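# Tertiary structure, described
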Amino acid sequence: MNVKNFIVGGIVGGIVDFLLGWLIYGILLKDTFPTEEGATENMTFIFMGCLAFGFMISYVFSQGEGISKCVNGIKLAAGIALFMTLSVNFFQNMTKETIDFKLMGIDVVASMVLASFVGAVVAVVNGKMK
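Quick notes on the rules
- Residues numbered from 1 in each chain as written.
- Predicted model: local features only at pLDDT ≥ 70, side-chain atom pairs only at ≥ 80, totals over all residues.
- Heavy atoms only, no water.
- Phe/Tyr/Trp six-rings, centres within 6.5 Å; stacked < 30°, edge-to-face > 60°.
- Helix = DSSP H or I, 4+ residues; strand = E, 2+ residues; numbered from the N terminus.
- Buried < 20%, exposed > 50% of the residue type's maximum accessible area, 1.4 Å probe, protein only.
- Patch = residues over 30% accessible without salt bridge, like charges linked within 9 Å, V, L, I, M, F, W, Y side chains within 5 Å.
- Areas by Shrake-Rupley, 256 points an atom, 1.4 Å probe, with all protein chains shown as cover.
- Salt bridge = Lys/Arg side-chain N within 4 Å of Asp/Glu carboxyl O.
- Expected span 1.5 Å × (residues − 1).
- Arc of directions from axis to C-beta.

So, about the packing of aromatic side chains. The tally for this structure, following the rule as stated, stands at four aromatic pairs. Taken together, a centroid distance of 6.2 Å and an interplanar angle of 80° make the contact between Phe6 and Tyr59 edge-to-face. Placement of the pair is Phe6 in helix α1 (residues 3-28) and Tyr59 in helix α2 (residues 43-62), with a sequence separation of 53 residues. Looking at Phe6, the relative accessible area reads 18%, which means it is buried. Using a relative accessible area of 42% as the deciding quantity, one classes Tyr59 as partly exposed.

A grouping of Met1, Val3, Ile7, Ile11, Ile15, Leu19, Met56, Tyr59, Val60, Leu76, Met84 and Val88 is seen on the molecular surface, where their side chains present a nonpolar patch of about 970 Å² in accessible area. Put simply, the parts of the chain that give the nonpolar patch at least two residues each are α1, α2 and α3 (70-92). Along the polypeptide, Val88 turns up in helix α3. Under the relative-accessibility criterion, Val88 is labelled partly exposed at 40%.

With 20 residues, α2 should reach 28 Å at 1.5 Å per residue; the first-to-last C-alpha distance of 28 Å fits that figure. Among the residues making up α2, those that are buried are Cys50, Leu51, Phe53, Gly54, Ile57, Ser58, Phe61 and Ser62. Around the axis of α2, the buried residues are gathered within 160° of arc, so they sit on the same side. Residues of α2 that are exposed and point more than 90 degrees away from the buried face comprise Thr44 and Phe45.

Shown next, in the form of structure tokens:
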């Protein structure tokens, strides 16, 4: 594993995740995913979660021969997001009597789109730093 690629890719991927997450979830889908009444978002935790996702993608991409092509990054990150988001949604809904499958589907698709961009950026960073 190239540690420099991992660190730079993780930071850049995390920043892209944060900014696109703000655009997708904070603006475009704000009414679809409303916050609970009286709740405030902890931006530090949101940013740290985005960095963790960026580092996860960067870690996966830097293993083995490394992912350094944009299209490969998009495909792999979308697959990771698909299974990760399905898992999270299933666990979040395990105690609910009524499950909003449409909302789950929107979340899965939005996460895959978001992750695809992160994957593309991390792959390009890996390719540029070879």
